[in-house]
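Below, each chain spelled out in residue letters.
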2 protein chains.
Amino acid sequence: MIIEILRLGHRKERDKRVTTHCALVGRAFGARGMYYAGDPDDGLERSVEKVNGSWGGDFFIKHVSEWRRFIDEKKKQGWGIVHLTMYGIPLPEVQARIARLERSLVIIGAEKVPGEVYRAADFNVAIGNQPHSEVAALAIFLDRMLGSMEFNITFSNARIRVIPQERGKRVEALDL
Amino acid sequence: MIIEILRLGHRKERDKRVTTHCALVGRAFGARGMYYAGDPDDGLERSVEKVNGSWGGDFFIKHVSEWRRFIDEKKKQGWGIVHLTMYGIPLPEVQARIARLERSLVIIGAEKVPGEVYRAADFNVAIGNQPHSEVAALAIFLDRMLGSMEFNITFSNARIRVIPQERGKRVEALDL
């Protein structure tokens, strides 16, 4: 399954760290890229591109101005729309149906998500029905839908990579 | 297994949202509570207590002033020390050994974690060896070690609970 992310309601000051975490989780867990709506944020985009520059791959980060139209377009192109929300149906109950999608757009909100997103979604999915974190919800969703790819993922054009250690840090520089 | 969390290096302004996410993930995924070092932060503590007040349970959040001594004390009391870091050994390779611990303290850092934490830890564990998010790392760790408890957890003394919906939100008020 190809997965892309749409982060709604990004506020440059308040959300910059959490939105960056969302993007890096998307990249490290196997999504193709992340769109975000709300404040355009060069710093956010630069952070993600800097990670690509060192650690490889071509995970994209792109601002969208009109997210309603964007979602409509994706639907027309045949993408399944999955909205992660604590009010939705627990993932284990819908995972098999979601797994049949070839391409899915996963929507995560910053704060309150408009009702029309719940209506536009093919699946409103809960990673548990308690309040916690869209970063965690995204991680668990990708872990389940992409077969725990975070433990095996590799990226082309990486300049550095970690050599796992029992203690301390070891990073290897790669010749490109 | 009983799991408690230690969040290192909390900076009140910069980290307040991410540290709150860590605590809420700890609560929603079955940890007992979270200690944090760095700036004392009443707002952080109030946010977590407010969630307990509505959604139930007694997940604790406590500031520790001297985290080095605190880790030493925990070790003396027989707690296993697990440090989540992208430089560590991938969880699948050490999960069975960690599962034998009765009580573990899971350490997550805000930014750069001092070398002594790597040395003090019984396990330096990676949720993948790519840069991403301590919120996501904590979520995956708890999901794996506590049997995906996030999908079944219930809390005593909850005032409200979600009734999962395919579309929209439904919250039920509970009589205490």
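For the structure, check the block above.
Residues numbered from 1 in each chain as written. Chains lettered and ligands numbered in written order. Predicted model: local features only at pLDDT ≥ 70, side-chain atom pairs only at ≥ 80, totals over all residues.

Trainee: Just checking my understanding: could you explain the overall build of chain A for this structure?
Mentor: The secondary structure content of chain A amounts to six helices and eight strands. Across chain A, helices and strands are ordered from the amino to the carboxyl terminus as β-α-β-α-β-α-β-α-β-α-β-α-β-β. For 176 residues, the compact-globule estimate of 2.2 N^0.38 gives 16 Å, and chain A sits close to it at 16 Å. Seen through its C-alpha atoms, chain A measures out along the principal axes to roughly 50 × 35 × 30 Å. Each of the 176 residues in chain A was classed as buried or not, and the buried ones make up 42%. Of all intrachain contacts in chain A linking residues separated by at least 6 positions in sequence, the fraction that spans at least 24 positions is 78%. (Helix = DSSP H or I, 4+ residues; strand = E, 2+ residues; numbered from the N terminus. Rg over C-alpha atoms; globule rule 2.2 N^0.38 Å. Buried ≥ 20, exposed ≤ 12 C-beta atoms within 10 Å, placed from the backbone. Contact = placed C-beta atoms within 7 Å.)

Trainee: Which parts of the structure should I look at to understand the interface of chain B and chain A?
Mentor: Accessible area lost during the coming together of the parts is what is often quoted as the interface size. Taken together, the contact between chain B and chain A spans 41 residues of the former and 42 residues of the latter. For the side of chain B that touches chain A, the secondary structure elements donating two or more residues are α1 (12–28), α2 (42–55), β4 (80–90), α5 (115–120), β6 (123–126) and α6 (134–145) of chain B. Among the residues forming the side of chain B that touches chain A, the class breakdown is 23 nonpolar, eleven polar and seven charged. (Nonpolar A, V, L, I, M, F, W, Y, C, P; charged D, E, K, R; others polar.)

Trainee: Explain the packing of α1 of chain B against α6 of chain B to me, please; I cannot follow it from the model alone.
Mentor: How two helices sit against one another is set out by the angle between their axes and by the gap between those axes. All names here are of chain B. At a closest axis distance of 9 Å, the pairing of α1 and α6 adopts a crossing angle of 5°. Between α1 and α6, the interaxial angle falls into the category roughly parallel. Where α1 abuts α6, its residues V18, H21, C22, V25 and G26 lie against E134, V135, L138 and A139. The class makeup of the residues in the contact of α1 with α6 is six nonpolar, two polar and one charged. (Axes fitted to C-alpha atoms, helices over the stretch in contact; angles between N-to-C directions. Parallel < 35°, antiparallel > 145°, perpendicular 65-115°, else oblique.)

Trainee: Can you help me understand the relation of the copies chain B and chain A in this one?
Mentor: For the match of chain B to chain A, the screw axis carries a shift of 0.0 Å, the RMSD comes to 0.0 Å, and the turn is 180°. Here the copies are linked by what is in effect a two-fold axis. When C-alpha positions in chain B are compared against the rotation axis, the closest is assigned to A136 of chain B, at 2.4 Å. The overlap is high: 100% of the interface residues of chain B also sit at the interface in chain A, so the same surface is used on both sides. (Least-squares fit on C-alpha atoms with pLDDT ≥ 70 in both.)

Trainee: Is there a simple way to think about the pairing of strand β2 (residues 33–38) of chain B in this case?
Mentor: For a regular strand, side chains alternate in direction, first toward one face of the sheet and then toward the other. Residues and elements named next belong to chain B. Here strand β1 (residues 2–10) pairs with β2 via five bridges, running parallel. Looking at the pairing, E4 lines up with G33 of β2. Handedness of the crossover joining β1 and β2 through α1: right-handed. In this view, the connection linking β2 to its parallel neighbour strand β3 (residues 60–63) by way of α2 has right-handed handedness. (Pairing = 2+ DSSP bridges. Right-handed = clockwise from strand over helix to strand, strands pointing away.)

Trainee: Where do I start with the pairing of β1 of chain B in this structure?
Mentor: Pairing geometry for β1 of chain B and strand β5 (residues 103–109) of chain B, over seven bridges, is parallel. Residue pairing for β5 of chain B: I2 of chain B is matched across the bridge by R103 of chain B.

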